[in-house]
Each structure stands twice: as structure tokens, then as C-alpha cells.
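Fold and geometry: a report
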Amino acid sequence: MSSRLYNRLGLTGMSGKMGIIGFSMLLFMLVLAIAGPSLVKHDAKERSGAPLSAPTSDHWLGTNDLGQDIVAELVVGARVSLSVGFLGALAVMVIGTLIGLVAGYWGGRIDAIFMRIIDVSMTLPFLPLMIVIGVFMGPSWTTQIMVIALVMWSKVARETRSQILSLRTRGPVLAARSMGAGDIYLLCKHIFPGIIPLIIPQFVQTVNVAIMMESSLSFLGLGDPLTKSWGSMLYYANARGAFLTDAWLWWVLPPGLGIVITVLGFSFIGYWMEERVSPRLRSVYRVASGKNKQARNGKLTLDESLNSIIEVDNLTVVYPKDQGMVKALNQVSFKVGKGEVVGIVGESGSGKSTIAAAIMQLLKPPGEVQQGYVRLYGCDLASLSMEELRKLRGSKIALIPQAAMNALNPVLTIRKQMAEAVLCHRRMDKESLNRRIDQLLEQVGMAARTGSSYPHELSGGMRQRVVIAMALINEPEFVIADEPTTGLDVKVQVEIINLLRSLQKQLGLSMIFISHDLPVVLRLADRIVILKHGEIVDEGATERIAYTSDNLYTRRLIDSIPRLNKRNIHADQGSQQAELVLGGTI
Ligand code: ADP
Ligand code: MG
């Protein structure tokens, strides 16, 4: 196969290799099941040799107690085990997914009824149920498939239902609904594709369990007595004393291996498929190959006499992509002095959040530092152990991540989340903890009673204040604010900027303030770094950038700031905009 085809099928990398191994294992079993009977010399039912004879050139894997050829039995067994496993799993998936879909999508009374049935069916004891049904229906293929479906549908239905419940209220579905999309359209275009990443691993896992179940059922004597599966081979071997002689070597091991190879093959394929349907997993499995691999055994020695608290030195960060690389940062260098606010401005995708993550040593895989350093008071952060970094994060350097206000935990009150941020670093009795939280809430301009609210009860601006409070709660010296005003209306933007400015002055914070919005940065920063396609194109004191920079890109940014005239300062919004553009430093 050409390497291009390999790439298209996703058969490269770790999961690709596992996929190839899985497919080969399964292919072997399928060939055995389909072409096997015409390849082997004997018939499985024929007494073709002496009982319990060891492997010979005529009987490659010897014979059983009746003198039947083991290879012939294995081949027939492969057919039975694979078909029952596959058909059983198919039945489970069809029933489980349909019920989960109906219950999750339409909800209401149907959901309540199905959920109770699922609860009850999940508590039914598997083994007695299996035996009762088996005895009632008589040992056969169909009994086995019935039992497998009955035992396993409820788990699939429950998982599908919860996935659909969360999909139903998500942005894309709501957006499509608001455009007038009907149920069938939503189910086909949004809901069903949304559950495929769940269905595929579920299916593979179900096939595996179904094959194991088939073997257990046959081992219990509930298999079809006329066509032996691998499980029934084990049953007969055990019942007829294979373990008392050497016969277990050729009578027990091969069907056991058959089961193991098939189950492993399916697991490997499942691993590969999971990555194919969830692109986000693809990057996570990638193994770091650059500087990230370096041993993290440096000492945490901070030279606090230095003028600059953070030094980003010649930093290059790449995101590997298929065969190439995306260079998110290219040889970026700048410093942040004590008590200084450095603004980083750049259009979306210019690498701003990557700088923030690289400083915090929280680059998302597959992102990796190809070269360069981030130093805190002269100490190379990449050399520190995870534990040392954990101690620094929050207490020395803090991050207000992009869209942080959406990252508050919806099931915890603000007070609980703030307490968590403190308790990550130190023990504190309840009273002083509450006092500290009240003090901080007040500092960010919120009443102490808002602490008992849940995030959804607060407005966007208030949530942003909470996130700022959380970043400051362990008294860091250096804070990175990644687009803290994006998504807020102009009036609230001004409030948040004023808040950050006053907190920064009051606490003497060093700060990196990131925004795609130059006017916002002009209001706050002492120095500005202009970023474009991962490279610094201009850097300087705010005044210089605003008035005298001769860099073309900077000039274009400055010139694109709307000039306000009397006509659009009428409304309150307009005057806030005016304050945003004209107030502050310029
Ligand atoms: P900004 O914050 O300025 O909008 P980012 O730092 O988020 O930009 O992204 C910089 C570049 O890195 C973009 O080109 C983006 O496509 C790429 N990038 C960011 N995160 C990832 C990721 N997890 N995987 C691959 N590429 C990424
Ligand atoms: Mg960003």
C-alpha cells in the first residue's frame, strides 16, 4: 500500500499501527472461519484419528477424546464464535441506541418509563438470568444472541441517552432549531453524528463482551450442541478431563488463544477507530519529540533581585499537523519587568494564547516548544518538575485563561470554587478562608453574598470578576490575562479594564494583558508587543506604539481604530466606546 493511502486511512502513528495489527488478527480469524473448512483435511464431526492423540502431520493439533480433529473443530468454532459475537453485538447496539435515542431526544414520560425499565434490567443478576433463559429456550445460537441482547442493551441505552441529553441543549443544535430545523433534520445532521464517537467504541466493546459471553454460555453448556464454538470446545475439554492429561496443550490452548486473539484484535481496531472519529484524541496520543522530552530535574532557584520577572527568550512553539508543522510562535523574545503591564496584541490565530500557555508550561498537546526558554526570575521553567510547577502556578504566576468565565464549574457555588483555588496551595480554617473569599469578592467589586450563587446566576461581567478574583486569591506576583474582556459589552469591558488596572496598581502586579483589541490594550499597558503570524513585528512603550511607530502593521492597526465624532457619542454605549478609545493612556 502506498504511503498516501496509509495516511488517508489514518494507518500511521501509534494508533494506526495498532489498527493494522488488529485488522491482521481479525483477518486471520475471518479467513479461518470462511475458507477454513475447505482447507483442513478432516471434517469436525468425523472420528478421524485415535482419541486424544498428540499433534501429528495428519492432525496438526491432535484430536479430542472422540478422535475428532482439533483444527477442524477450531475452524467451525471460529464461525460460531464470530457470528454469535457479531450478531449479538449488533442486536445490542440497535436496541440500545434506538431506545437511548428515543428516551434522550423526546424525554418526558417516555424517558421516565424507559429509565425505570433500564434501572430494573441493570439490577437483574446476569448468570441466573442466562441459565433460566437458556434452559427455557433450549441451548442454541438464537438463545445466546437473545441473552447477550437482553443483558447488554440497557448499558448502551443509558450511555446514548445521556450523550443525547447533553447534545440536545448544545449550541449547534439550538442554533439549527432556531433556524427552523425539524426533528428528523436535527437527528440526522446533529444528534446522530454527535453520538457516533460513542457508538463506535461501544460497538467494539460490545462485540468483545459478546464473544466472551458466547464462550461463557457455551462453557456452561448453553451453546448449540451440534456446531461447537470455541467456548463449547473448552466446555467439552474441561468436562472430559483434558486437564488430567497433556491433551490440554492442544485441546484447551488453541480455542483459548482464538478467543484472546479475536478480542485483542477488536480492541486494537477500537483504539484506532476511536481516534479516527475524534480528531481531538489524535493529537493527545502523539508523543512529544522536541524540547518537552528534556528531563525536568532543575532546581527552583529564583533570583528576585532581577529587574524582569518573566523573560521569554527566543521561543518557538510548533503544533505538528499531519505531515507538517504549524509554527504558532517563531523566535519570540520579550521581558516583563516588576510591576509592569505588557500588552500583547495580535489578530486571532497570531499565537497569543500559545504564549500564555507556554509561559504557564501548559501547552496543549501536540504543541511543543521547539527552541527557546521561559524564565521566571532567571529560572528556566521547562526544567522544573511537575510538582514544583504546580506550587508556582496560582501562587507566583497565575493565568486568567481565554473564555475563563465559561469555564466555571456549573455545579459548584462561587464560594466553593474560590475555596478550591486556595486549598490547592495551603490548609486554612473555614473562618479565615471565608474571610479571605469575602475580601477578594469585595476587591473585585462584588457583594460577599454573591459567593453563594452558581455561575449561571451571574452575568458575564460578574463571572469575569469571579475569575479574576480566583486568579488573584493566592497573591501571585505575575498574572496573564488572556482576552479577559472579549465577549463582554463595551460598558462592562470598561469596568473590567478599570478593575484590572486598579488591582494591578494596588497589588503591584506584573501583568501580561492579551487582546486582539488594540484600544483596550492601549488603556492598560505600559509596553506593547505586536504579534503577527507568531512573530513579533513591533514592540515598544505604549506611547511610541500609539503615536510614533513607523511599522506598517502597527500603523494599520492604529488607523483602524474608529474616530468618534459627535454623532455617535449620543448614546450611553457611544460614550463608553469613547472612553475606551480616548481614555486611559492616550
Ligand atoms: P490566538 O490566541 O492569538 O488567537 P493561538 O495561540 O490560539 O492564537 O493559536 C496560534 C496558532 O496555533 C493558530 O494558527 C492555531 O491554528 C494553532 N493552534 C493553536 N492550538 C492548536 C492545537 N491544539 N492544535 C493545532 N494547532 C493549534
Ligand atoms: Mg487566544
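Here's a quick rundown of the structure. Residue numbering note: each chain is counted from 1, following its sequence as written. Written order determines the labels here, with chains lettered from A and ligands numbered from 1. The predicted nature of this model means local features are confined to residues of pLDDT at least 70 and side-chain atom pairs, given and counted, to a pLDDT of 80 or more, with totals for whole chains, interfaces and linings taken over all residues. Each side-chain value is worked out from all heavy atoms of the structure, with water and hydrogens disregarded.

**Some thoughts on the overall build of the protein chain**
- Labels follow the DSSP assignment, with helices taken as runs of H or I lasting at least four residues and strands as runs of E lasting at least two, numbered in each case from the N terminus. Along its length, the protein chain carries 23 helices and ten strands.
- Atoms counted for the radius of gyration: C-alpha only. Globule rule: 2.2 Å times the number of residues to the power 0.38. Its C-alpha radius of gyration of 33 Å places the protein chain more than 25% over the 25 Å reference for a compact globule of 586 residues.
- With respect to the principal axes defined by its C-alpha atoms, the protein chain has extents near 100 × 55 × 50 Å.
- Think of it in three bands: with a 1.4 Å probe and only protein chains considered, a residue is buried below 20% of the maximum accessible area for its type, exposed above 50%, and partly exposed in between. Split into buried and exposed, the 586 residues of the protein chain put 48% on the buried side.
- Partitioning the intrachain contacts of the protein chain with sequence separation of at least 6 by distance along the chain shows that 71% fall at a separation of at least 24.
- On the protein chain, roughly 28800 Å² of surface is accessible, and the fraction owed to carbon and sulfur atoms is 60%.
- The charge count includes Lys and Arg as positive and Asp and Glu as negative, but it does not include His or the ends of the chains. Charge placement uses NZ in Lys and CZ in Arg. For Asp and Glu, CG and CD serve respectively. Distance from the positive charge centre (59 side chains) to the negative charge centre (48 side chains) of the protein chain: 3 Å. By definition, residues are in contact when any of their heavy atoms lie within 4.5 Å. Accessible surface is estimated by sampling points in the Shrake-Rupley manner with a 1.4 Å probe; for residues, cover comes only from the protein chains shown.

**Comments concerning the coordination of the magnesium ion (ligand 2)**
- Taken together, Ser353 (OG) and Gln402 (OE1) make up the full set of protein donors to the magnesium ion (ligand 2), lying 2.0 to 2.1 Å away. On the criterion of sequence distance, the pair formed by serine 353 in helix α14 (residues 352–360) and glutamine 402 in the loop between β6 (397–400) and α16 (414–423) is long-range, its members being 49 residues apart.
- Overall, the relative accessible area of 40% leaves glutamine 402 in the partly exposed class. Listed donor atoms are N, O and S within 2.8 Å of the metal (Na, K and Ca: 3.2 Å). As water is not included, a site may look incomplete.

**Observations regarding the sheet that holds strand β5 (residues 379–380)**
- Between any two strands, pairing holds if DSSP finds at least two bridges. Spatially, four strands are ordered β2-β1-β4-β5 in an open sheet, and the strand pairing comes out antiparallel. Every other strand in the sheet has two partners, leaving β2 (324–337) and β5 as the edge strands with one partner each.
- As paired strands, strand β1 (residues 308–321) and β2 are joined by ten bridges and run antiparallel to one another. Of the residues in β2, the one forming a bridge with valine 312 is phenylalanine 334.
- Contacting β1, β2 and β4 (368–376), α14 runs over the sheet at an angle of about 115° to β1. Working convention: axes come from line fits to C-alpha atoms, limited for helices to the stretch in contact. Angles between N-to-C directions cover 0 to 180 degrees.

**Some remarks on the site of ligand 1**
- Note on definitions. A residue lies near a molecule or strand when any single heavy atom of the residue is within 4 Å of it. The local shell around ligand 1 consists of Tyr319, Ala328, Glu347, Ser348, Gly349, Ser350, Gly351, Lys352, Ser353 and Thr354.
- The backbone of serine 350 places a nitrogen or oxygen atom 3.2 Å from an oxygen atom of ligand 1.
- Out of a free accessible area of 560 Å², ligand 1 has 65% covered by protein chains.
- When residues in the shell around ligand 1 are grouped by element, the largest group, three residues, is from α14.
- For this scheme, ten residues count as nonpolar: Ala, Val, Leu, Ile, Met, Phe, Trp, Tyr, Cys and Pro. Four count as charged, namely Asp, Glu, Lys and Arg, and the remainder, Gly too, count as polar. Its residues assigned to classes, the shell around ligand 1 shows two nonpolar, six polar and two charged. For this analysis, a polar contact is any N or O atom pair within 3.5 Å, provided that within protein one partner can donate a hydrogen and the other can accept it, and provided that sequence-adjacent residues contribute only side-chain to side-chain pairs.

**Some points on the nonpolar core**
- Grouping buried Ala, Val, Leu, Ile, Met, Phe, Trp, Tyr and Cys residues that are joined through side-chain atoms within 4.5 Å yields what is termed a nonpolar core. Ranked by internal contacts, the top residues of the largest apolar core, which has 51 residues, are Ile148, Ile191, Trp230 and Trp251.
- Every residue in contact with isoleucine 191, bar those within four places of it in the chain, is listed here: Leu101, Tyr105, Ile164, Leu167, Arg168, Val173 and Leu186.
- Core analysis: the next-biggest nonpolar cluster, separate from the first, contains 50 residues, Leu408, Leu441, Ile468 and Tyr553 among them.

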